[in-house]
Structures are given as C-alpha cells and as structure tokens.
Amino acid sequence: MVAESPSQDSAPVAHLTDGHRPPGRVVDVGFRLLAMLAGFSVLIILGLIAFSTTHTAWPAFSKEGIHFFTSTTWDVPKQRFGALAFIGGTLLVSAIALVFAVPVSIGLALFITEIAPGKLRRWIVTVVDLLAAVPSVVYGLWGLLVVAPKIIGFYKDLASDFAHVPILNTLLSGRPLSGVSFMTAGLVVGLMITPIITSITREVFVTVPTAQKEAAVALGATRWEMIRGAVFPHSRGGIVGAVLIGLGRAMGETIAVVLLIGSSTELTGRLFSPGETMASVIVNQFGEAQDLYRAALVGLGVALFAITIIIGVIARGLVARVEARAGGA
Amino acid sequence: MTTFLRRNALVPLAAVILVLAAACGSSGSGKPAATGPGGSTSAKLPATTLKGSGSSFQDPFDEEVFRDFTTDAQPNVTVNYNPAGSGQGQTDLEGQLVDFAGSDSLVVPGDVTKFKGGAFLYIPIVSAPITISYNLSGVTKLTLSAATIAKIFSTKITKWDASEIAADNPGVTLPSTSITVVHRSDGSGTTNNFTTYLTQAAASDWTLGSGKTVNWASSTIGAAKNAGVAGKIKSTDGAIGYVDFADATLAQLSVASVKNSAGTAVPPTLAGATAAMAAATVTADVTVSPMNASGPDAYPITSPTYIIVYAKQTSHAQGTALKALLEYVLDAGQSKAEALNFAALPPALLAKAKAQVDKIVVP
Amino acid sequence: MTAITAGVPVTRLGPAAKHRSRAIRNGFATACIVLSFIIVLVPLALLVGYVVARGHQLFSYAFLTKDIPTQITPGPGMGPAVFGTLLITGAATAMAVPLGVLGGVYLSEYGRRSVIARVLRFFAEIMTGVPSIVMGLFIYTAVVLKTKNLNAFAGALALACLMLPIVIRTTDEMLRLVPAELREGSTALGSRQARTIMRIVLPAAAPGIVSGALLAVARAAGETAPLIFVLSPVYRTNRSLFHGGNTALSVQIFQNASSPYAASQQRAWAAALTLIGIVFVFTVLARIFTAIYSRRSTAS
C-alpha cells in the first residue's frame, strides 16, 4: 500500500503536480468498497438466479419429485410433467454437435499452432472469430430456410442406404423423416461451438513446452508423430476441459435449436426425427403456460442452470490444471 | 499506421465492407402504405396505444383490420396485438395487462373470479372454418367423416389406404403412405375447438378429451401456431392436421370436405361457416356454438372468435379508443373479412354484437 | 542444424522421417488437419453468402426506418426493431460496463492474492457459460412477474446479466497486463490506490477494456432467448424504456423465420443482414482496440 511520507499528517498533501487535491482516505476506501461490491455482483446475481428460478419452479418440483427427471410423461391436461424426453433430446443434440465439432476443432487448433505460417494464422483466427460472432438466431434462420429443405434429400438417401444395417438403421431414420430434426440441429450447433473449443484448445496447445517438441523432432519424428508424442499427452486434460465447455454451450443453445429441431415430445434415438430439448421446449410452450405448467418449464431452466454450472466447474478446473502444470515445466 | 491497419483490421474490415456494400448497393422498393376506402367521419382521438393479446386464429384478420383502423379511422391510435394464444390473452386480461383479449374459446367458469377488473363481455367478431388440411401426392379431393377424423388424429389409423378412409372416398386411389399427424405444440383455442368438435361428433372414437392442449400420441408432431402447422403439413408428404382457414388458404394446402351431422360432405368454405353460424343458437352473453351444426350446408368444424373486454373501463382515453376500435371491427371490418379469409357475422348476431359494445362503460 | 526459436511452428523433419509408412501417416494427418479448416470455412462462407444474397434486396434506408408491415404485406420495414435493438443493448451496456469494469478492477487491483478474488474470478468465468435463456427466465421470474410489466428495461436487465461476466473478465485480464512499474511509480509519488487506479492504471488499459466491452455489446446485440420472455411485440417504434412493449432485430428474425409468408421471410433475411453487419462492425472495432493496446504495451 502507500508508504506515508513523514511530512503527511492529517491533511493530505498534494504530491502530484496537477494542482488538484488528491482524494483522501474516504474516497480511497469508498472506491475500494465499490469495486468489491462490483466484484461480488457475480456471486450475488448467480445466487439470485438460483433462488428466483427455483422458487418459481418449486410447485412443479414438489409435486413431481424425482419423476420430474425420470419420467417421459409430459401431459399438460393431466398436469403431469416428466422431462426425461427433453433431457434425452438435449443430450442427443449435444452428442451430435460434439461428434462433429471436436475433431474439427482439434484439427483447426493444430493447424493454427503447428502448421500455419504467421500470415495465414491471422486469417484463420479472423475466420474463427467471425464464426463466433454470428448470432444464434442467424444460424437458425439459415439452417431453417437453407439447410433443412436441402438436407432432407440427403437424409432420405442415408436412411435407404442403411435400411438393412442393424443399429444404424434405427439411428439413421426418422419418424417422420424431417429436415428439421435432431441431426440438423446437432450439425448447426456443432458449427456454433467449434470456435470456443478451438480457442481453448489453442490456448492449451500453446502451453506445450517447446523443448519437448524440439526433442521429438530432433529424434527424427514426423510432424504428426511429434504432435502425438509431445503435444497430445501434455494437453489431454485441457482438451477434455475444452470439450466440456463446448458441451455446456451446446446444451444451453436455445434459439438455433428451436428453429431446427421441429417439435415432438417423443424420446427417440432416430436422428432424423423432430424432437425437443429442454431449452427448446421452454421457448415453444412458454407463451401458453400458466401456474403449474409454467413452474414446470421454469424448472427445466433450473435444471439447465445447474447442469451448466457443474460442467463449467469441472471443465475450468481441468483447463486450469493443465495451464498450472505448464507454468512449472 | 498502414502496416498496423493491414495486419489487424484489413481482413475483417474488408469482410464487413463487402457485406454492407452488397447490401447497400441496391435500394429496396418501398411499398406505399395501404390506403383503404374513405376515412371515418368521427372525431380524431388523441394519441393512445391499445394493447391486446390472445388467439392466433384471429390474427390474420386482426393484423390487417387493426392497421386499417389506424390508417383510415384513427391515425393517432396504435393497436398492438400479441398473438400468443387464447390462454395467454385470457391471463393477460385477468391481470389487466392488456385492454382486450382475443379468444376462440370461452372462459371456464372457475376462472371467472380471476378477472380483476370485474365483469367482462364477449364480442364475437368473425368466424372461420377449421380445415382438415393434408398433403398427399396424387390426391386432390378428400372426404372424411367425423369418426374417421377421430381415428386418424388419435393414431388408430396409421396409413392413408386404411379401410375407413377408403369408405369415405369411394373411387379415389389412396397411396399406402404413412399418416403424419400434425398438431399445435403450443396451447391453442383452435385445438380446443377442434377437440370439442370431435368429442361431440365422434364420442365413441375420440378418447383424448378436449382442451387447449391434449395429450397427443408421441408419434405425432407439433408445430407452433396455425402458421407453423400449415408449414409443417406443406413440407411433409402424408401429413394431415387442423389449420384455420386463413392460414390453410395462404399456404395453399389441400383441404378435406367433412361430413356434417346431416350426412352431407361440406367443403371448408366461408359460406359453410356462415351457414353454421346462422344455424347456431346465441346464448345470453352473446356466445355461439356452431360445432357440429345442423343444416345441409353447414360446415361442421366452424369456430367463432371473440374479443373479450371489461364492461367497465378504467381509463377514458383507452376506453374511448377501445370502443372506436370495436365499432370499426363490427362495421368496416366485416366487409374486409372475406378478403382476409374469414366469414363475417350473420346479421342477427352482428346486431347483438354491436349491442354488446354499447354496454361498455367509459369513465 | 537450424536453430529452433520458441513460438515458431516446428517444421523441420529429420532424415528418418522419409520412411514410407510414417511419411504416409504424416501426410494423411496433415491433410485431415488442413481439411478441418476447410470444413469450418465453407459453412461460414455459405451462411454469410446466403444472408447477403437473400437480404440485400430489401436492405435500404426505408428498411431501417419504416414501421413493420403485417405478415402478409411485402416490403421493407424494421424501424422499430432497429431502434429496439439499439435501445435495449444501449441500456444494457450502460448498466453492465461500469459495473463490470469496477468488478474487474477489484479482481485485478485489490484481490491479486486473495482467495476471494480467485473464487470470484472462477465464478465470473462460469457465469459466461450460463445459457442466455436462463437469464431470460431469471428476469422473468424476478422482475416481470413482480412488476407485471413487459418492457424494454426488462430486456436490458437480462442482457446486462449476460454482458457482466464478459466485461469483468476482459477488464481483469487487460488490467493485469499493465506493467507493475506504472503502479509502483504512482505509489512512490504518494498517491493512494484509488487514485493510482483511476488516473494511471485504467487509462493505460483503456483500449483493452474498450475492446472487451465492445465484444460484450456484440454478443448482447445478437441475443434472442432472453428477450422473448420479457418483450411484447410492437410494429411502431416505441422510444420508451419503461412503458409499453418493444421489439428487437433478433426477436423479429426469430418470429419471421418460422412464418410461412414469403414477405416475412424476406424481412427476416434483411434483418439478419443488418444484425450481422452491426455485430461484425463491433467485433472489428474490438480487434482494432486490442491491437492498439498490444502495440501500446509492447512499445512501453
């Protein structure tokens, strides 16, 4: 803190030459308090979110108990609300998104850190940043009006090609076969989460000690062998963390999914069927909902909040560990 | 400076400039605002905003007629209508968050006390058929009886070449495509009216009850709003669903004729709707139930739609504007109805509706 | 033997790498890696391409200022939505940026070694991952249900919650880049910490902080989910923050996208073009400020 010079007693003396009186102790303490309050605002708001939404959702939780999460019966007239189909839908869309996004993101991160020369690197980072900047609703608009009508032909071909292959014939089918389906939503969400996974993976790759990479090359490794031998082992935890963060984003993605997933409350493994996720069902049914129905929908929001917090904690912890380890290497 | 710009801003800036240049290059053609027939002669009200919410069934009518009201009759009054569904409209009116609610269904007796502003009035405005729209390649004419409709929508019949459908359509070749039932995924007055019809006309075959939402089988698909259902039907071969007349016409869907209680197959037309409305009894609070109406020309799935308002208004400005709006809807609005794919009220009912508006008390 | 410098991609392959199968595997892996760039580039190009191709006809001054026509009426008009986006995002920025900068100041200047600061920093990062729909539901349950009012301010609150952790984190990071010598010098001259921060540290980090704020604004301008619960639609521009409903470009795009009428869909494309334009401009500005900042900090 400030070392008081001997000439300073009760009256603050202007040491700086701009002629203004420097702020006294009050301002200093006041500013510090203000800043501290601002810092704590994060925790306060998170706490308020948890409290307010849970409070509104409580009637649904207390009525359904654990069945809220384990039952597929979402029956509005009978006022039974089991969200399993939507939880399943959320996981399905996220899984599809990750299957496509993770290899592409890792490849892209490797391209940026290991292969691309300086100038090209800047271009690529620009492209990835622009991809991240496009709003979700524009992805949804494009997906709905451009991708969905065109992709249904592709789904039909796939469905007929694999009609006799066990397991795959259920996966690659739809009841009904629709352009707006889990698959379309998953693909577009995968595109949307690629930038964040890429950027975190890139951060992790950058922490790989150059000495290890040099050693591998000096021993005669090809680039790929160097990556496998020096980059990956060091980054494993960080990559998992990045993937988890991408998963969190995919699970929370709402607007693009609402537009691209059709609407069906069936729990199914048929990827070309329409469906619902927790987020999309909130949007689709909120306008009409009253009382217990509304509480149930807010309850879905609470579940989503809890899941993303938990995934976030695990993910950031993993990434932090890798970066800490690199600091000591 | 140039190096700096080149390294950091040039690429993304170029992208942005390209995008915006392409956009600004062509100027959009501005369409002049629609001008209706000669303006009203009544005094111009001061600037007011009226808020309404509710039924999406009446939205195609409301959207145009409310705008015409502003353009032709009262330029200073803005009317905002939120087609969030009949249930939302009723809830909003209960809490006095809106000046009026649009609704296809009546308030259930248990909810009457929730209306904080006291007694409310039903004002019927138009009616329209609820069509059974379908998308089946090669089939342009289709007739269905109430029992068959009930079986299709409760998924007891799953293929288009089922015997019941064939019995309703002698001489028509039906493909063996699977039937995809499309329904409303959001709570809806249209669903309520459709399922009420099925409960009345096909009680033995329809087991899902009636209401703004029913528990559809999981193999059916839902879409939001009438427009969403129309879009889904249009893009899915083998699909069938219930869509209001306006949206079905605008989406150019194929519609089925329905056998009414007299046994005649009546296509969903405005004439059929008017016939049903004329044949139905009007209750004391000016509501009608033309479902499954008798009469040879009546289309059996006809839905009236109402605007609900409080009998006692709390604000002079809002109340006066509201009355002016309702008078416009029941006057000039009625002549616009057909062009917007709605059936105007039959004369007797129209007179009673106007009497309802006169009952509104403005401070 | 070539010297290998740190940070440069290692490209030298030793003679043993010429062995056939290893070379093939290496080539295949390299091809896959390059492919991933193309896989990302193509959809982005298609997306921007389609938005421009389908949106540019309707995009004009009239489009940005006229009232919104009815669904079936063709023609331009998104004035209320443009104004709404600016109003709501502007109000959110006014709330989130000062609070966020102060919060970042706390984390960076006052809490460098404390556990509390580490916890706060951790949760700020977690909060950036909370889905925006949860923010919308939160404001709905905490504000709209209590005040019974659907207005632009509620939308601004929801967006501010979204922007806050972003601004806190970027401010924190940018402030940490300010060299310690600047702070030490100011302290040595006798100023208290608040003055050091306000007069020396913040101005030094200003471009970086502005960059972070611009990114947060870009993100908020594009958000839809938080707004659909708290806004009620209008077709004429509503300039009031607290009275009456409002709309925004993102909400209009969302509603028009699922409309079956070609006229509405046309407006959705043009609105998407407008929104992408706004977001890209802010993103580019943010990068310029970041570059100014890194130039400044390396130059010192």
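Before reading on, note that the structure itself is shown above.
Residues numbered from 1 in each chain as written. Chains lettered and ligands numbered in written order. Predicted model: local features only at pLDDT ≥ 70, side-chain atom pairs only at ≥ 80, totals over all residues. Heavy atoms only, no water.

### Observations regarding the interface of chain A and chain C
For step 1, the next point in the chain: On the chain C side, the residues contacting the 96 residues of chain A number 90 residues.
For step 2, the next point in the chain: In total, about 8500 Å² of surface goes out of reach between chain A and chain C, with carbon and sulfur atoms giving 77% of it.
For step 3, the next point in the chain: Of all residues in chain A, the largest losses of buried area upon contact with chain C belong to F31, L141 and W142 of chain A, amounting jointly to 8% of the total for that side.
For step 4, the next point in the chain: For the interface between chain A and chain C, the tally reads three salt bridges.
For step 5, the next point in the chain: A salt bridge links E225 of chain A to R22 of chain C, with the shortest nitrogen-to-oxygen separation between them at 2.6 Å.
For step 6, the next point in the chain: The tally of links from chain A across to chain C stands at 13 residue pairs in polar contact (both at pLDDT 80 or more).
For step 7, the next point in the chain: Examining the composition of the side of chain A that touches chain C, we find that 21 residues originate from one element, helix α1 (residues 25-64) of chain A, more than from any other. (Contact = heavy atoms within 4.5 Å. Buried area = accessible area lost by both parts, 1.4 Å probe. Salt bridge = Lys/Arg side-chain N within 4 Å of Asp/Glu carboxyl O. Polar contact = N/O pair within 3.5 Å; in protein donor to acceptor, adjacent residues only side chain to side chain. Helix = DSSP H or I, 4+ residues; strand = E, 2+ residues; numbered from the N terminus.)

### Quick notes on a nonpolar patch on the surface
For step 1, the next point in the chain: On the surface, a cluster of nonpolar side chains totalling about 460 Å² of accessible area is made up of V34, L35, I38, I39, V42 and L46 of chain C.
For step 2, the next point in the chain: The topology assignment puts I38 of chain C in helix α1 (residues 20-55). (Patch = residues over 30% accessible without salt bridge, like charges linked within 9 Å, V, L, I, M, F, W, Y side chains within 5 Å. Areas by Shrake-Rupley, 256 points an atom, 1.4 Å probe, with all protein chains shown as cover.)

### So, the interface of chain B and chain A
For step 1, the next point in the chain: The partner chain A presents 24 residues to the 26 residues of chain B that form the contact.
For step 2, the next point in the chain: Across the interface of chain B and chain A, roughly 1800 Å² is buried in total on both sides, 52% from carbon and sulfur atoms.
For step 3, the next point in the chain: For the pair chain B and chain A, the number of links is zero salt bridges.
For step 4, the next point in the chain: With four residues, the top contributor of residues to the side of chain B that touches chain A is helix α4 (residues 86-94) of chain B.
For step 5, the next point in the chain: Considering only residue class, the side of chain B that touches chain A consists of six nonpolar, 15 polar and five charged. (Nonpolar A, V, L, I, M, F, W, Y, C, P; charged D, E, K, R; others polar.)

### Thoughts on the side chain of Q58 of chain B
Residues and elements named next belong to chain B.
For step 1, the next point in the chain: In this fold, Q58 is placed in the loop between β1 (48-54) and α3 (59-73).
For step 2, the next point in the chain: Overall, Q58 belongs to the buried group, its relative accessible area being 0%.
For step 3, the next point in the chain: Looking at Q58, its side chain comes within polar contact range of the side chain of T305, at 2.7 Å.
For step 4, the next point in the chain: Leaving out residues up to four positions away in the same chain, Q58 has contacts with Y81, G102, S103, I125, T305, Y306, I307 and F342. (Buried < 20%, exposed > 50% of the residue type's maximum accessible area, 1.4 Å probe, protein only.)

### Some words on the pattern of salt bridges
For step 1, the next point in the chain: This model, assessed by the stated rule, comprises 18 salt bridges over all chains.
For step 2, the next point in the chain: Within the structure, one salt-bridge network assembled from shared partners comprises R316 of chain A together with E125, R169 and E173 of chain C.

### Some points on the environment of G185 of chain C
All names here are of chain C.
For step 1, the next point in the chain: Positionally, G185 belongs in helix α7 (residues 180-188).
For step 2, the next point in the chain: Residue classification places G185 among the partly exposed residues on the basis of a relative accessible area of 32%.
For step 3, the next point in the chain: With eleven residues separating them in the primary sequence, G185 and T196 have C-alpha atoms 9.3 Å apart.

### Some details on the packing of aromatic side chains
For step 1, the next point in the chain: Throughout the structure, instances matching the rule amount to 35 aromatic pairs over all chains.
For step 2, the next point in the chain: For the pair F61 of chain A and F69 of chain A, a centre-to-centre distance of 6.2 Å together with 25° between the ring planes defines the contact as stacked.
For step 3, the next point in the chain: Looking at F61 of chain A, the relative accessible area reads 14%, which means it is buried.
For step 4, the next point in the chain: Owing to a relative accessible area of 32%, F69 of chain A belongs among the partly exposed residues under this scheme.
For step 5, the next point in the chain: Ring geometry for F66 of chain B and Y81 of chain B: centres 6.1 Å apart, planes at 80°, overall edge-to-face. Remark: Y81 of chain B occurs in strand β2 (residues 77-82) and F66 of chain B occurs in helix α3; sequence separation between them is 15 residues. There is no split in this pair, since F66 of chain B and Y81 of chain B are both buried. (Phe/Tyr/Trp six-rings, centres within 6.5 Å; stacked < 30°, edge-to-face > 60°.)

### Focus on the nonpolar core
Note that soluble globular proteins tend to have their nonpolar side chains buried in a common cluster.
For step 1, the next point in the chain: With 208 residues, the main nonpolar core has W74, V138 and L300 of chain A together with V105, I133 and F229 of chain C as its most contacted residues.
For step 2, the next point in the chain: By residue number, the principal contributor to this core is helix α3 (residues 84-115) of chain A, which donates 18 residues.
For step 3, the next point in the chain: The next biggest cluster of nonpolar side chains, apart from the first, holds 90 residues, and it includes V98, F120, Y134 and Y328 of chain B. (Core = buried A, V, L, I, M, F, W, Y, C linked by side-chain atoms within 4.5 Å.)

### What to know about the packing of α1 of chain A against helix α4 (residues 115-127) of chain C
For step 1, the next point in the chain: Between α1 of chain A and α4 of chain C, the least distance of the axes is 9 Å, while the angle of their chain directions is 55°. Between α1 of chain A and α4 of chain C, the crossing angle belongs to the class labelled oblique. You can see that α1 of chain A and α4 of chain C cross each other, and the crossing is left-handed. Contacts between α1 of chain A and α4 of chain C involve G39, F40, V42, L43, I45 and L46 of chain A from the first element and I116, L120, F123, A124 and M127 of chain C from the second.
For step 2, the next point in the chain: Class assignment of the residues belonging to the contact of α1 of chain A with α4 of chain C gives a composition of ten nonpolar, one polar and no charged. (Axes fitted to C-alpha atoms, helices over the stretch in contact; angles between N-to-C directions. Parallel < 35°, antiparallel > 145°, perpendicular 65-115°, else oblique. Left-handed = near helix turned anticlockwise from the far one by under 90°.)

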